[in-house]
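Observations on the three-dimensional arrangement
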Amino acid sequence: MIKFYPLLLALALASCAHKGAGRAAETAAAGETVAAVHVPDFQADSAYRFVDEQVAFGPRVPNTPAHKACGDFLAATLKRFGAQVYVQQMTLTAYNGTKLDCRNIIGSYKPAARKRVLLFAHWDSRPYADNDSDPKEQRKPIDGADDGASGVGVLLEMARLMDKQAPDVGVDILFTDAEDYGVPSFSSQRDDDNSWCLGTQFWARNPHTPNYHAQYGILLDMVGAKNATFYKEYTSQAQAPSLVEKIWDTARNLGYGNFFIDADGGSIVDDHLYVISGRGIPCVDIINYAPDNKRGFADYWHTHADNMQIISRETLKAVGQTLLNVIYKER
Ligand code: AHN
Ligand code: ZN
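Residues numbered from 1 in each chain as written. Chains lettered and ligands numbered in written order. Predicted model: local features only at pLDDT ≥ 70, side-chain atom pairs only at ≥ 80, totals over all residues. Heavy atoms only, no water.

1. Description of the site of ligand 1
- As a matter of local geometry, ligand 1 sits amid D147, E179, D180, W196, D221, M222, V269, W301 and H302.
- In the environment of ligand 1, a nitrogen atom lies 3.1 Å from a nitrogen or oxygen atom belonging to the side chain of D147.
- V269 is positioned with one of its backbone polar atoms (N or O) 2.9 Å from a nitrogen atom of ligand 1.
- Considered class by class, the residues forming the shell around ligand 1 number four nonpolar, one polar and four charged. (Near = heavy atom within 4 Å. Polar contact = N/O pair within 3.5 Å; in protein donor to acceptor, adjacent residues only side chain to side chain. Nonpolar A, V, L, I, M, F, W, Y, C, P; charged D, E, K, R; others polar.)

Written out as structure tokens, the structure is:
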């Protein structure tokens, strides 16, 4: 808290200079006047429903009817929540040469605002359960309730709330495709880091608006499982250290320190890497990390256990409310 004291004071002075509509001044415990920000209340039931709706389409694997239907649903839902929607259609090539018919789906709030924040999550689900213990099950696609649908569910709930009351900053929600089509463990091919995150690699080279930039980005990946633990991921700390601290401090102050662990996580190949390197946007990856597991992720990861049974409203709330507090305090 001490660390952010000068910032709070600066905000207070700024709000005295010209008071924004609907923003009152209130007296802080220490006696100084600080800007009173109304942060919306994240509705966990609503987010849970958004996760369930995606899963109900079936596995969202590129080139399947479920994937097509879910993509249509996501674009329509962002429109319904007042976003300016961009749909980026692309043909991507998977590790095995398969051409994938894919879409990145973007919803923008305050598209003219100069200061912007990028919030992103992948919406596709993995075509394989290659970590499943039963070899016969490994070639079947997974529900991806957590791995995919949870991050999108949190962001749809944020979109619903931003439609009712927009934050000061511009916000771009990016649903990335083909994140999870990477080389499976049963393949004889060597794992190639670049076989993951195909939609984001495309977007980083061809953003939805020319020279797209944002102040920072936050990636949500596997943010809905019961008892999830979010550690401070390596590249996030290297490239966006102050943002990591801001998010983890915010979570702790809201009482979510049991989810947002104040400790180093591993280095993870994920969508944020390409947004950092391709667009120069500092990004943080909020991802359920299991430091004691051999693969670094929870037991359900890339198995058929990644279904609605593991989704917890408490986890969705912790992530969603933390993000709302971070975003609505930006000026
Ligand atoms: C790798 O497995 C290389 N990275 C993890 C990225 C990921 C997959 N996140 C969800 N599914
Ligand atoms: Zn995955």
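2. Looking at the packing of aromatic side chains
- By the definition in use, this model includes eleven aromatic pairs.
- A centroid spacing of 6.0 Å and a plane angle of 75° characterise the contact between F50 and F81, whose relative ring orientation is edge-to-face. Separated by 31 residues along the polypeptide, F50 in helix α2 (residues 44-56) and F81 in the loop between α3 (65-80) and β3 (84-93) bring together distant segments of the chain. The exposure classification of F50 matches that of F81, with both residues buried.
- Taking the centre distance of 6.3 Å and the plane angle of 75° together, the rings of Y128 and Y181 count as edge-to-face. Placement of the pair is Y128 in the loop between β5 (116-122) and α4 (145-164) and Y181 in the loop between β6 (170-176) and α5 (198-205), with a sequence separation of 53 residues. A single burial state applies to Y128 and to Y181, both of which are buried.
- Here a set of aromatic residues connected by ring pairs shows up, and it is made of Y95, Y128, Y181 and F186. (Phe/Tyr/Trp six-rings, centres within 6.5 Å; stacked < 30°, edge-to-face > 60°. Helix = DSSP H or I, 4+ residues; strand = E, 2+ residues; numbered from the N terminus. Buried < 20%, exposed > 50% of the residue type's maximum accessible area, 1.4 Å probe, protein only.)

3. A look at the coordination of the zinc ion (ligand 2)
- Protein coordination of the zinc ion (ligand 2) is provided by D147 (OD), D180 (OD), D180 (OD) and H302 (NE2), with donor distances spanning 1.9 to 2.5 Å.
- With relative accessibility at 2%, the residue D147 sits in the buried group. (Donors = N, O, S within 2.8 Å, 3.2 Å for Na, K, Ca; no water.)

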